[in-house]
Amino acid sequence: KSMIIEVHKKCHAVIRNDKSNLAVNFKYNADAEDCFLTSASVFHKGLADDCKELTTLRNLRENVMKPDKKYHQLISEYEIIAPQMLSNIYKADNKGEILDGIFNHLVIPAVSLVEAGKNIEAILYYKDFVEVMKQRYIV
């Protein structure tokens, strides 16, 4: 049987079988940036790294947030806290439930807002959700 190895952001990889079913996933550089949106979508849900959901949110970050200085602090904070939050999520006994929650209650609603042309609302929704996550997963 053939296997496909997908390398994501120089910190983790996914091995898929010829039917694209998730077979194995692993981290290979613990010092690299981690993203709980990617973890929830790719590793937990088995979606491709370039799935509609992640592509939509990355486009929001790159085309709306990065060009606007008022979002630089939010982006910087995420880059700092995301790896720590993800590490704590992976240590939890109910990590699957947590990742389901992130996907279902953060990723999907934020993507829906972006698709409805409500970029600012999507950013505010994300910001509020992450504030709650910080209280739970930053020790």
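Everything numeric here is computed off the predicted structure, so don't read it as measured data. (Residues numbered from 1 in each chain as written. Predicted model: local features only at pLDDT ≥ 70, side-chain atom pairs only at ≥ 80, totals over all residues. Heavy atoms only, no water.)

Caption draft 1: Up close: the packing of aromatic side chains. Here the structure, examined in full by the defined rule, presents two aromatic pairs. With a centroid separation of 6.4 Å and an interplanar angle of 35°, the aromatic rings of Y125 and F129 are classed as tilted. Here F129 and Y125 lie together in helix α5 (residues 119–137), a separation of four residues that amounts to about one turn. The exposure class assigned to Y125 is partly exposed, which follows from its relative accessible area of 30%. (Phe/Tyr/Trp six-rings, centres within 6.5 Å; stacked < 30°, edge-to-face > 60°. Helix = DSSP H or I, 4+ residues; strand = E, 2+ residues; numbered from the N terminus. Buried < 20%, exposed > 50% of the residue type's maximum accessible area, 1.4 Å probe, protein only.)

Caption draft 2: Representation of the environment of P83 in the model. Structurally, P83 can be placed in helix α3 (residues 72–91). For P83, a relative accessible area of 22% puts it in the partly exposed group. For P83 and C35, which are 48 residues apart along the polypeptide, the C-alpha to C-alpha distance reads 6.6 Å.

Caption draft 3: Examining the packing of helix α4 (residues 95–115) against α5 more closely. Orientation of α4 relative to α5, taken along the N-to-C sense of each, is 165°, at an axis distance of 7 Å. It follows from the interaxial angle that α4 and α5 lie roughly antiparallel. Of the two possible hands of crossing, α4 and α5 adopt the one that is right-handed. Residues I98, G101, I102, H105, L106, P109, A110, L113 and V114 of α4 form the contact with α5, whose participating residues are N119, E121, A122, Y125, Y126, F129, M133 and Y137. When grouped by side-chain class, the residues that make up the contact of α4 with α5 number 13 nonpolar, three polar and one charged. (Axes fitted to C-alpha atoms, helices over the stretch in contact; angles between N-to-C directions. Parallel < 35°, antiparallel > 145°, perpendicular 65-115°, else oblique. Left-handed = near helix turned anticlockwise from the far one by under 90°. Contact = heavy atoms within 4.5 Å. Nonpolar A, V, L, I, M, F, W, Y, C, P; charged D, E, K, R; others polar.)

Caption draft 4: Region of the structure containing the pattern of salt bridges. Here the structure, examined in full by the defined rule, presents eight salt bridges. In this structure, the salt-bridge partner of D49 is R58, at a minimum N-O distance of 2.9 Å. You can call R58 buried: its relative accessible area is 18%. E62 is paired through a salt bridge with K66; the nearest N and O atoms lie 3.1 Å apart. A single network of salt bridges, built from pairs that share partners, joins R61, E62 and K66. (Salt bridge = Lys/Arg side-chain N within 4 Å of Asp/Glu carboxyl O.)

Caption draft 5: Structural detail: the nonpolar core. Within the largest apolar cluster, 35 residues are counted, with the highest numbers of intra-cluster contacts made by F36, L37 and I102. Those elements that place two or more of their residues in this core are α1 (36–44), α2 (52–65), α3, α4 and α5. With nine residues, the single largest contributor to this core is α4. Setting aside residues up to four positions removed in sequence, L37 forms contacts with L54, L57, Y78, I102, L106, V107 and Y126. (Core = buried A, V, L, I, M, F, W, Y, C linked by side-chain atoms within 4.5 Å.)

Caption draft 6: Up close: α5. Its 19 residues give α5 an end-to-end C-alpha distance of 26 Å, which sits within 8% of 27 Å, the value for a rise of 1.5 Å per residue. A122, I123, Y126, V130, M133 and Y137 are the residues of α5 that are buried. End-on view of α5: buried residues confined to an arc of 90°, all on one side of the axis. Exposed positions of α5 whose direction lies more than 90 degrees from the buried face are D128 and Q135. (Expected span 1.5 Å × (residues − 1). Arc of directions from axis to C-beta.)

Caption draft 7: Representation of the confidence of the model for the protein in the model. On average, residues of the protein score 82 in pLDDT, and 75% of them are at 70 or above. Strand β3 (residues 22–27) is the least confidently modelled element of the protein, averaging 52 in pLDDT, while α5 averages 95, the highest of any element. Low confidence marks residues 27–33, where pLDDT is under 50. Its contacts with residues over four positions away, or in another chain, come to 16 contacts. (pLDDT = per-residue confidence, 0-100.)

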